[in-house]
Amino acid sequence: MLKKKVAFYTMGCKLNYAETSTIARKFSNLYYQHVPFKSYADIYVINSCSVTKNAEIEFRHIVRSAMKNNSKAFIVAIGCYAQFNPKGVSSIIGVDLVLGYEEKFKIIDYLNREWFLKKKYYAKIISRKTYIPSFSVGDRTRSFLKIQDGCDYKCSYCIIPMSRGPSRSESIENILKNIRFLFNKGVKEIVLTGVNIGDYGGRNIYGKNIRFFDLIQSIDQIEEKGRIRLSSIEPNLLQNECIEFLSKSKHFVPHFHLPLQSGSNDILVKMHRRYRRELYQEKVKKIRSLMPYAYIGSDLIVGFPGESHKHFLETYHFLKKLEISFLHIFPYSTRPNTKSSTIQEENISKKIQWKRNKILRVLSNNKYRFFCKKQMNTKKTVLFERNSTHKEYLYGYTENYIRTKIPLHSYNSSIYENTLQDVLLTKVDNKDGIMIAEPIN
């Protein structure tokens, strides 16, 4: 029997990667041949994102790329964009099937129904109760494990609650089972991911009031060896008891990603964020006091409606004084049916957004280089990646998320690939800003 070729493309967050991997495993190797997305395939599955308008534009580009590979291919759209606007996605030339939140995990059932393939699209409204476990394995050095989905927060700019539904969580028992499974499969690092992981728990688990702190305490007790990394967590949900516990953990690495969005309290109020910059500053200081070398990343939105030059300067000077490691900067993007789309104040021009973005990127690059240089000539542990394209260096990340490389001509890459190795950080490469290291034998 001739196998159908299937290819996958993931847009957006780590949560999407976890779900794409879970969906891909449903395509049995007995009937399907998994191929790279850039190659010829009979079926292309695109896991979409709806966080920004640019993500929707990118989705159309990805569809066109698939059609260039095979004009007669069957293209399936899943993910947040597909859930939020199924009719709009189905109208895109080349898209044959649109599956909503629950239906995407039943993709094989739909592809096996020949009568169904005559229809243009299918998507249901998201269930308000369903939680579907997901994790990635085999396609990357580290694994992304979903522990939570959805969000009860109502940030005025965010479309995700409409795409993902309310907050709901996996049980601790199943999370521990999946962590043990992944470590026993040879995974060296697991990233805990979700929409709002700090909101993990609630009375919907075992009928008890389980909290995020309970989860990380339980995880740290497992006997299997491996690193655990947290994905983004809201600053108001990162309790001091969690920071103190993580500073002494045997599994969790010193890596935090705390979204700020704005350094102006006026803008934070308009964004409906659940903290002010003073609390954010307290969290950063708490982390630094216990973990001086911890990586602290952040998210910023520039050009939010009504963000004056004064507001932007507040953000800039607040960040300049803050001891963080890196900034992810996003120009504000109006999303339909969000409260920020109805703000009557003057919108910020693309030109001003770009200028503010550039200023913050320069600040971010300077902060990251300073963070790296502080740790030169120190010992770290790097998880080296599988080398498929690089000829000069083998790359990986330290426990505190410093991008690191060793020259291939000096070492046998096969010995280090997908392994945790102690290294000495020697210098920062001025060309790419990546730390050069030497393995410690």
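Above this text sits the structure in question.
All figures in this text were calculated on a predicted structure; none of them were measured in a lab. (Residues numbered from 1 in each chain as written. Predicted model: local features only at pLDDT ≥ 70, side-chain atom pairs only at ≥ 80, totals over all residues. Heavy atoms only, no water.)

**Considering the sheet that holds strand β12 (residues 227-230)**
The parallel open sheet is built from three strands, whose spatial order is β6-β9-β12. Pairing within the sheet leaves two strands with one partner each, and these edge strands are β6 (143-146) and β12. Averaged over all neighbouring strand pairs, the angle between strand axes comes to 30 degrees, with direction disregarded. Two strands pair when backbone bridges link them, and β6 and strand β9 (residues 189-193) are joined in this way by four bridges, in the parallel orientation. Looking at the pairing, Phe144 lines up with Val191 of β9. (Pairing = 2+ DSSP bridges. Helix = DSSP H or I, 4+ residues; strand = E, 2+ residues; numbered from the N terminus. Axes fitted to C-alpha atoms, helices over the stretch in contact; angles between N-to-C directions.)

**A look at helix α12 (residues 309-321)**
Taking 1.5 Å of rise per residue, the 13 residues of α12 would be expected to cover 18 Å, and the 19 Å separating its terminal C-alpha atoms lies within 8% of that figure. The complete set of buried residues in α12 reads His311, Phe312, Thr315, Phe318 and Leu319. Looking straight down α12, one finds that the buried residues subtend no more than 130 degrees of arc, so they occupy a single side. What points out from α12, more than 90 degrees from its buried face, is the exposed set His309, Lys310, Lys320 and Lys321. Each element contacted by the buried residues of α12 is listed here: α10 (265-271), α11 (277-290), β14 (295-302), β15 (326-331) and α13 (350-373). (Expected span 1.5 Å × (residues − 1). Buried < 20%, exposed > 50% of the residue type's maximum accessible area, 1.4 Å probe, protein only. Arc of directions from axis to C-beta. Contact = heavy atoms within 4.5 Å.)

**Quick notes on the pattern of salt bridges**
Taken as a whole and judged by the stated rule, the model has 23 salt bridges. Note that Arg164 is salt-bridged to Asp149, the shortest N-O span being 3.2 Å. One end of the pair, Arg164, is in helix α6 (residues 160-164); the other, Asp149, is in strand β7 (residues 148-149), and 15 residues separate them in sequence. For Arg164, a relative accessible area of 2% gives the class buried. Looking at Asp149, the relative accessible area reads 0%, which means it is buried. Close ionic contact of Arg211 with Glu241 constitutes a salt bridge, the shortest N to O distance being 2.8 Å. In this pair, Arg211 sits in the loop between β11 (208-210) and α8 (212-219) while Glu241 sits in helix α9 (residues 240-246), placing the two residues 30 residues apart along the sequence. Given a relative accessible area of 38%, Arg211 falls into the partly exposed group. (Salt bridge = Lys/Arg side-chain N within 4 Å of Asp/Glu carboxyl O.)

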